[in-house]
Each structure stands twice: as structure tokens, then as C-alpha cells.
2 protein chains.
Amino acid sequence: MVRQARSEATRRKIIDSAVDLINEIGYPAAGLGDIIERAELTKGALYYHFDSKEALATAIIEEGSETVLSSFRQAGRSGSPAMENVIHGSFVVTDVLTVDRVARAGARLLRTFGSFNPAAKSTLQILVDELTEHIAKAIAEGDLRAGLDPGPTAAGIVAGMAGAELLSSALANGADLRSRFAKNWELLLPALVTDESLGYYREFLARQAVRPPTTP
Amino acid sequence: MVRQARSEATRRKIIDSAVDLINEIGYPAAGLGDIIERAELTKGALYYHFDSKEALATAIIEEGSETVLSSFRQAGRSGSPAMENVIHGSFVVTDVLTVDRVARAGARLLRTFGSFNPAAKSTLQILVDELTEHIAKAIAEGDLRAGLDPGPTAAGIVAGMAGAELLSSALANGADLRSRFAKNWELLLPALVTDESLGYYREFLARQAVRPPTTP
């Protein structure tokens, strides 16, 4: 058991060092040598846990995606309208990407790899699929316009969020992620929400946008 | 002159080999060794032209961005309404990303590097800035809703496009980029365009979405 705990601690140290380097200098520039040096470990210790740099990237994508997806799911309350859960959940995601460095590195790796890494690809697919269900529910609840097609609507929302993450990271070092998400929702709401629900959701969005970040 | 032409041909061969590998297996997996092998050149020839793998990435980002930006600019006709130029220009960008492999690799590198590469960062900034001007013009022309703020509106549109490029690349190997852009515009139009112009722009979009791709 002691050996297992030590092995797990080593694995953790490798992931944390890789995550820090990915957030500081980017994945391409973060060499395995730099990661070992930062973790104060040997090459052997690293290769015991990860076959390659990409295997390490996959572990980070999986852990980061799990954090993001589970916090998005937990943000939804069963009694609340689906569209409230979607908007609230999206802000919880910005909080997670801001405070959780594994999730932040995972988001960078998602857009670095895209189709070239199965974990990255399946995370994007899961995001679109789960949001499609929420959008369909919100249409059935009468909050969203009846003419909307849930799949493309969800894909458009995920695209806007993924693009906002890229722009915020590239142009503001991630500092304005929450306000970019808020402005994207402001832009989208009149296209999504029925005229009857628009006033309510504008107010809901305004309250969400100024709400202090939740600490997961 | 002969020597200069030969040197330029070598540089071209290196870039083209790197571009193909980036499109086939992704930037992280494309090692300098693989690039040299595909180009049938020596390490010395590569290092004569590029200091590092990132210097090569920068050259691809610069060339790809130049192609995308200049085709977006050329798509606009001075007599046309700004919003027509924006929509038409966005579809010309999807065409360029589909047929031009340097531009396609450049787009992948934009989202791989983000803030970590000055060329990637400045391309994203230029896209947002130029689109902001078009949006301001379209508001002044009365096609877009007067309450829109040009900067965040442009940032939201660029985010949606960048995210659509990622999703299309990750989930459909880029094959559905044009239809993703079309669906994003369909979603956004009612939020952007005034009630008076909405019918016209829906028709304009429908014609653009089925227009055969322009070959640059």
C-alpha cells in the first residue's frame, strides 16, 4: 500500500508539472525533459507512468474533461428550467477553467489535438451531445423558440464557448473568460429565447454574470 | 539568382512537408525528423531556413493567415452593404480553409499556440479588429440592431467561427465546415439583423450557403 501511494504521488507530480508548463509556455514548448526537471524526477519514473508525451496529454485531457463535465452536470438542478441550467452551467465552466489548472491545461489540449487525440475528440462530442439534450428540453419547456433545431443550436453554442476560450486565452491570458461568455450569451439570447421569456432570461444572465465565481 | 531560386524551392519543400504532416497527424506528432524525411532533405537544409520547429510553425501561421485575411478582404465589394461582405467573406474563408492546405494547417496552429506565438495572437487580434469595423459599418447602415456593441459582437462572431473550425476539424475532419458556418449564421441572424432586414439576409445567407465554393 505504501508503494502504491508513492507511485500515485509520483504520477500526480508528473501531471502537475506538465500542467504548469502547458499553462506557462504551451504544450508544444513543454518538452519531456522540462517536465522531468520541474517534477524533480528521473526519465525512468516518467516512462513508468506514461509511454509518451501524448499519453501524458491524454491523462490531462481526461482529468480536465472529467472536472469540467461533472461540474457542468452538478450545476443543473432537477427542478430548474433546462435553459437556466445551461446558462448557469456555462458560467460554472468558466469558474472551473479559471481556478482549476488541470482543467485549463485540458482545454488548451482539446484545441491543440482536436481529432488527433481520441480523448479530445470524445470530450467535444460529449459536450455537444449533452447540450443538445438540454436544448431539446428547453424547447419543450417553451423557453426557446420552437423552430430551433437542437443539434445545430447546441453545436453553435459549444463553438462559441470553445472560440471564446481560445480568444480569452490568446488575447487576455484567460482573464476575461467570464465576461466573454456573458457577452456571447447576451448576443445569443434574442436568437434563442422566446419573446415571452426574453426579459426573464436577460435578468437571469445579468445576475449570473456578476455572481462571484463558485470555488469547486 | 539560380542559388536563390534553389534556396526558395528548398524552403517551400520544407513548409509543404510540414503542412502535410500537420494536417495528417497534427502538429505535436509531426517531428522535425518526419518533416525532413518527407521533404527528402537534410537536417542542415532545414536548420538553414528555420531555427526550430516553432520558427517553421510561425512561417506557416504567417502564410496561412495572409491567405485567409487577403481572401476575406477581397471578398468584400466596396459598393455592397457591410453585412453582406461579412457573411460572404466568412464563406470565402471556409472555402480557403478547405482547398488551401497551408491555410488549414495555419488554422490548426492558431488554436494550438494561441497567446504562445506572436503570429497566432496577432492574427486573432486582426480578425477581431477588422470584423469590428465591418460590424460598426453595418450598424451605421441600419442592417444591424442599433443596440449592438461592435467590439463584443465581432468577438462573438470570430469565437463562433473559430469554435466551428475546431468542431468541424475534430468531429468531421473539416468536411462540414461550410454547413457549420451556415448554421451558425442562421442562429445568429435574428440576434444581429434588424427586423426590416432579416428576411433579406435570410435569403442572402441561403444563397451563400449553397453557392459552389470559390477556388482561390
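Small disclaimer: the values here were computed from a predicted structure and weren't measured.

Another point: the UniProt feature "DNA-binding region" (unreviewed entry) in chain A. According to UniProt, the positions carrying the feature "DNA-binding region" (unreviewed entry) are residues 31–50 of chain A. In residues 31–50 of chain A, the share of helix is 75% and the share of strand is 0%. The end C-alpha atoms are 14 Å apart.

Tallying each qualifying case throughout the model produces 22 salt bridges over all chains. As a salt-bridge pair, B:Asp16 and B:Arg12 come within 3.0 Å of each other at their nearest N and O atoms. Here B:Arg12 and B:Asp16 lie together in helix H1 (residues 2–25), a separation of 4 residues that amounts to about one turn. The exposure class of B:Arg12 is partly exposed, given its relative accessible area of 27%. Residue B:Arg180 is joined to B:Asp176 by a salt bridge in which the shortest nitrogen-to-oxygen separation is 3.1 Å. Overall, B:Arg180 belongs to the buried group, its relative accessible area being 16%. For B:Asp176, a relative accessible area of 21% corresponds to the partly exposed category. Connected via shared salt-bridge partners are A:Arg12, A:Asp16, A:Asp20, A:Glu63 and A:Arg101.

Looking now at the domain arrangement of chain A. All names here are of chain A. Domains assigned within chain A are domain 1 (1–50) and domain 2 (58–210). Here domain 1 and domain 2 have C-alpha centroids that lie 30 Å from each other. Counting residues at the interface gives 11 residues for domain 1, matched by 11 residues for domain 2. Among the residues domain 1 hides against domain 2, the three largest losses belong to Val19, Asn23 and Tyr27. Together they make up 48% of the total. For the pair domain 1 and domain 2, the number of links is 3 salt bridges.

Okay, unusual backbone geometry next. One non-glycine residue, A:Glu40, lies in positive phi territory at about 55°. Among the secondary structure elements, A:Glu40 is positioned in the loop between helix H2 (32–39) and helix H3 (43–49).

All names here are of chain B. Contact pair H1 / helix H6 (residues 101–113): the axes reach a minimum separation of 9 Å and the direction vectors enclose 60°. Here H1 is positioned oblique relative to H6, judged by the angle of their axes. At the point where H1 passes H6, the crossing takes the left-handed sense. Of H6, the residues touching H1 (which contributes Arg12, Asp16, Val19, Asp20, Ile22 and Asn23) are Arg101, Val102, Arg104, Ala105, Arg108 and Leu109.

Counted according to the given criterion, the structure contains 8 aromatic pairs over all chains. For the pair B:Tyr27 and B:Phe113, a centre-to-centre distance of 5.3 Å together with 65° between the ring planes defines the contact as edge-to-face. Here B:Tyr27, found in the loop between H1 and helix H2 (32–39), pairs with B:Phe113, found in helix H6; they are 86 residues apart in sequence, far enough to count as distant. Across the pair, exposure class does not vary: B:Tyr27 and B:Phe113 are buried alike. Aromatic ring contacts, followed pair by pair, group A:Tyr200, A:Tyr201 and A:Phe204 into a single cluster. Over the face of the ring belonging to A:Tyr27 we find A:Lys53, whose NZ or CZ atom lies 4.1 Å from the ring centre.

Time to look at the interface of chain A and chain B. By a widely used convention, the size of an interface equals the accessible area lost when the partners come together. Across the boundary between the two partners, chain A contributes 43 residues, which contact 43 residues of chain B. Joining chain A to chain B, the criterion identifies 0 salt bridges. Our count for the chain A to chain B interface comes out at 1 residue pair in polar contact (both at pLDDT 80 or more). If you list the elements that add at least two residues to the side of chain A that touches chain B, you get helix H1 (2–25), helix H6 (101–113), helix H7 (118–140), helix H8 (150–172) and helix H9 (177–192) of chain A. Considering each element in turn, the side of chain A that touches chain B owes the most residues, 15 residues, to H8(A).

Glancing now at the side chain of A:Thr112. Considering the arrangement of structural elements, one finds A:Thr112 in helix H6. Side-chain polar atoms of A:Thr112 contact the backbone oxygen of A:Arg108, separated by 2.8 Å. In contact with A:Thr112, not counting residues within four places along its chain, are A:Tyr27, B:Pro28, B:Arg111 and B:Thr112.

What follows deals with the packing of helix H5 (residues 82–99) of chain B against helix H9 (residues 177–192) of chain B. Residue and element names in this part refer to chain B. At a minimum axis distance of 10 Å, the contact between H5 and H9 shows a crossing angle of 160°. Here H5 is positioned roughly antiparallel relative to H9, judged by the angle of their axes. The way H5 lies across H9 gives a crossing that is right-handed. Residue-level contacts link Met83, Val86, Ile87, Ser90, Phe91, Thr94, Asp95 and Leu97 of H5 to Leu177, Arg178, Phe181, Ala182, Trp185, Leu189 and Leu192 of H9. Classifying every residue of the contact of H5 with H9 by side-chain character gives 11 nonpolar, 2 polar and 2 charged.

Our focus in this paragraph is the layout of surface pockets. Counted as a void, the largest pocket has a volume near 360 Å³. Contributing to the lining of the largest pocket are 14 residues, with A:Gly147, A:Leu148, B:Lys183, B:Glu186 and B:Leu187 lying nearest its centre. Elements represented by at least two residues in the lining of the largest pocket include exactly H8 of chain A together with H9 and helix H10 (195–210) of chain B. Top element by residues in the lining of the largest pocket is H9(B). It accounts for 4 residues. For the lining of the largest pocket, the per-class residue count stands at 7 nonpolar, 2 polar and 5 charged. Its boundaries defined by the atoms lining it, the second largest pocket holds a volume of some 300 Å³. Taken together, 15 residues line the second largest pocket, and the ones lying closest to its centre are A:Lys183, A:Glu186, A:Leu187, B:Gly147 and B:Leu148. Elements that contribute at least two residues to the lining of the second largest pocket include exactly H9 and helix H10 (195–210) of chain A together with helix H8 (150–172) of chain B. In terms of residue count, H9(A) provides more of the lining of the second largest pocket than any other element does, 5 residues in total. Split into classes, the residues belonging to the lining of the second largest pocket amount to 8 nonpolar, 2 polar and 5 charged.

Scoring rules and cut-offs
- Residues numbered from 1 in each chain as written.
- Chains lettered and ligands numbered in written order.
- Predicted model: local features only at pLDDT ≥ 70, side-chain atom pairs only at ≥ 80, totals over all residues.
- Heavy atoms only, no water.
- UniProt positions renumbered as here; feature names shortened; annotations may be inferred.
- Helix = DSSP H or I, 4+ residues; strand = E, 2+ residues; numbered from the N terminus.
- Salt bridge = Lys/Arg side-chain N within 4 Å of Asp/Glu carboxyl O.
- Buried < 20%, exposed > 50% of the residue type's maximum accessible area, 1.4 Å probe, protein only.
- Domains from an automatic or database assignment.
- Contact = heavy atoms within 4.5 Å.
- Buried area = accessible area lost by both parts, 1.4 Å probe.
- Axes fitted to C-alpha atoms, helices over the stretch in contact; angles between N-to-C directions.
- Parallel < 35°, antiparallel > 145°, perpendicular 65-115°, else oblique.
- Left-handed = near helix turned anticlockwise from the far one by under 90°.
- Phe/Tyr/Trp six-rings, centres within 6.5 Å; stacked < 30°, edge-to-face > 60°.
- Lys NZ or Arg CZ within 6 Å of the ring centre and 35° of its normal.
- Polar contact = N/O pair within 3.5 Å; in protein donor to acceptor, adjacent residues only side chain to side chain.
- Nonpolar A, V, L, I, M, F, W, Y, C, P; charged D, E, K, R; others polar.
- 1 Å grid on protein atoms, 1.4 Å probe; cavity = no way out; pocket = protein on both sides within 12 Å on 5 of 7 lines; lining within 4 Å.
- Points joined across faces, edges and corners; volume = space filled by probe spheres on them.

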